[in-house]
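Secondary and tertiary structure notes
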Amino acid sequence: MQALLLSEYKRLEMADLAEPVPEPGEVLIRVAACGICGSDVHGYDGSSGRRIPPIVMGHEAAGTVARVGAGVTAYHPGDRVTFDSTIYCGQCPFCLRGEMNLCDRREVLGVSCGEYRRAGAFAEFVTVPERILYCLPDAMPFEEAAMLEAVSVALHAVKLSGVHGGETALVIGAGMIGLLTLQAARVAGCKRVLVADVDATRLRLAESLGADEVLQASGDDLTRKVLQATGSGADVVLEAVGRQETVSAAIGSVAKGGTVVLIGNISPTVTIPLQAVVSRQLRLQGTAASSGEYPQAIELISSGKIQVKPLISAVAPLDEGPRWFERLYGGEPGLMKVVLTPHAEAVP
Ligand SMILES: [Zn+2]
Ligand SMILES: [Zn+2]
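Bear in mind the structure is a predicted one, so any value in this text is a computation, not a measurement.

1. Here's the deal with the overall build of the chain
For the chain, the helix and strand inventory stands at eleven helices and 20 strands. Relative to its length of 348 residues, the chain is compact, with a C-alpha radius of gyration of 20 Å against a globular reference of 20 Å. Structurally, the chain occupies a C-alpha span of about 60 × 40 × 40 Å along its principal axes. Looking at the chain as a whole, 54% of its 348 residues qualify as buried. Taking as baseline every contact in the chain between residues at least 6 positions apart, the subset at least 24 positions apart corresponds to 69%. For the chain, the computed accessible surface area is about 14600 Å², with 51% contributed by carbon and sulfur atoms. Measuring between centres, the 30 positive side-chain charges of the chain sit 5 Å from its 39 negative side-chain charges.

Below, the structure is given as structure tokens:
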């Protein structure tokens, strides 16, 4: 089969690899679409240490079942499916209480990090365990289905924020995850959603996707503007960047007793104003991947309550992958999600 192989850091090439064979409990997927994730771009040059070559990356995918391994009864060849990016064991204490994202034996598709190497979906075929699959509605195009992972991440973050309706929320960062988090906050019933970023183009997109107000600011300037707009701060801040100035602004912009959900983590370490967190009784809540949000994500995209189409910058054949990685790595402005199509399928 044809696959996009990271043969060495910053070198992607089309390679002819053996088609994988599904083990018992596994399913062979004919990949129709796979999105390029920010983590793939960060892994590409070796800076994250999680894409040690040689590796086929790709974990935001959808396609059809080609073959099933022994013991698989719930899925059949031809079924349109997507799958979780996390392969969880289903047996450890975390899995048993529904926190599959925290699984003790967690592996991510398309990652090689020293502890494991798991081939991903920038290939014509990929094998995954049956337990991580979800069926897709017939009407959902595969390239939109490739966005389900990111939508699930946003839904999980908003769930952990504890909002139950009526809150004022601030989303910091209007990239891919920030724009989905904005929409997820709306779905969760937040009555007012503000979005902050330094990029005016992204903020225009935020407005078109339902932001009540956008703030072109960062750091102390952002905090000032949020306090001006809200009086006492946002009830909930969803931080989708993860740098010193954005985390500081998040903590400065939340109301007393409020929650800051930490989604982004570009910087591995930041300092926090401890006294402000303690004396204002703030809750800092980390969030990782998703656990069980896929069915809700499928429903919300299908019903149009969450829009993913405006976030897809390009859909391109797999062999154009190296060029798109270059452009994403170069930080081309305005480029959001790029979806590669190992098997181009007719849009239903
Ligand atoms: Zn991803
Ligand atoms: Zn587990």
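2. Quick notes on the coordination of the zinc ion (ligand 2)
Octahedral six-donor coordination of a metal ideally yields angles of 90 or 180 degrees, compared with 109.5 degrees for tetrahedral four-donor coordination. Protein-derived coordination of the zinc ion (ligand 2) comes from Cys 89 (SG), Cys 92 (SG), Cys 95 (SG) and Cys 103 (SG), at a distance range of 2.3 to 2.4 Å. Of note is the zinc ion (ligand 2), whose four donor atoms meet at the metal with angles of 103 to 117 degrees in an arrangement that counts as tetrahedral. The sequence pattern describing where the donors of the zinc ion (ligand 2) fall on their chain is C-x2-C-x2-C-x7-C. Overall, the relative accessible area of 8% leaves Cys 95 in the buried class.

3. Some words on helix 4 (residues 148-161)
For helix 4, built from 14 residues, the straight-helix expectation of 20 Å at 1.5 Å per residue is met to within 8% by its first-to-last C-alpha distance of 20 Å. Most of helix 4 is tucked away, with twelve of its 14 residues classed as buried. Among the residues of helix 4, Leu 148, Glu 149, Ala 150, Val 151, Ser 152, Val 153, Ala 154, Leu 155, His 156, Ala 157, Val 158 and Ser 161 are the ones counted as buried. The positive-phi residue at the C-terminal boundary of helix 4 is Gly 162, with phi of around 80 degrees.

4. Some points on the sheet that holds strand 15 (residues 213-216)
Read from one edge of the open sheet, six strands run 15-14-13-16-17-18, paired in parallel fashion. The sheet is open, and its two edges are formed by strand 15 and strand 18 (283-286), each paired on a single side. Averaged over all pairs of adjacent strands, the angle between their axes in this sheet comes to 20 degrees, without regard to strand direction.

5. Focus on the side chain of Ser 291
Inspection of the secondary structure assignment puts Ser 291 in the loop between strand 18 and helix 10 (294-302). Setting aside residues no more than four positions away along its own chain, Ser 291 makes contact with Gly 98, Glu 99, Met 100, Asn 101, His 156 and Lys 159.

6. What to know about the pairing of strand 20 (residues 337-341)
A large share of strand 20 lies buried, amounting to five of its five residues. What you see with strand 20 is no split at all: Lys 337, Val 339 and Thr 341 on one side and Val 338 and Leu 340 on the other are buried throughout. Relative to strand 20, strand 3 (residues 26-35) runs antiparallel, the two being bridged by two bridges. Bridge assignment links Gly 35 to a residue of strand 20, and that residue is Val 339.

7. Some points on the packing of helix 4 against helix 5 (residues 176-187)
At their nearest, the axes of helix 4 and helix 5 sit 8 Å apart, and the two run at 55 degrees to each other. Relative to helix 5, helix 4 is oriented oblique. The handedness of the crossing between helix 4 and helix 5 is right-handed. Side by side, helix 4 and helix 5 meet where Ala 150, Val 151, Val 153, Ala 154, Leu 155 and Val 158 of the first sit next to Met 176, Ile 177, Leu 180, Thr 181, Ala 184 and Ala 185 of the second. Within the contact of helix 4 with helix 5, the residues separate by chemical class into eleven nonpolar, one polar and no charged.

8. A short note on the state of the cysteines
Under the counting rule described, the total for this entry stands at zero disulfides. Distance from the sulfur of Cys 135, which forms no disulfide, to the nearest cysteine sulfur (Cys 34) is 19 Å. The exposure class assigned to Cys 135 is partly exposed, which follows from its relative accessible area of 45%.

Conventions used here
- Residues numbered from 1 in each chain as written.
- Chains lettered and ligands numbered in written order.
- Predicted model: local features only at pLDDT ≥ 70, side-chain atom pairs only at ≥ 80, totals over all residues.
- Heavy atoms only, no water.
- Helix = DSSP H or I, 4+ residues; strand = E, 2+ residues; numbered from the N terminus.
- Rg over C-alpha atoms; globule rule 2.2 N^0.38 Å.
- Buried < 20%, exposed > 50% of the residue type's maximum accessible area, 1.4 Å probe, protein only.
- Contact = heavy atoms within 4.5 Å.
- Areas by Shrake-Rupley, 256 points an atom, 1.4 Å probe, with all protein chains shown as cover.
- Lys, Arg positive; Asp, Glu negative; His and termini not counted.
- Charge placed at Lys NZ, Arg CZ, Asp CG, Glu CD.
- Donors = N, O, S within 2.8 Å, 3.2 Å for Na, K, Ca; no water.
- Tetrahedral: all angles 85-135°; square planar, octahedral: opposite > 155°, others 65-115°.
- Expected span 1.5 Å × (residues − 1).
- Pairing = 2+ DSSP bridges.
- Axes fitted to C-alpha atoms, helices over the stretch in contact; angles between N-to-C directions.
- Parallel < 35°, antiparallel > 145°, perpendicular 65-115°, else oblique.
- Left-handed = near helix turned anticlockwise from the far one by under 90°.
- Nonpolar A, V, L, I, M, F, W, Y, C, P; charged D, E, K, R; others polar.
- Disulfide = S-S within 2.5 Å.

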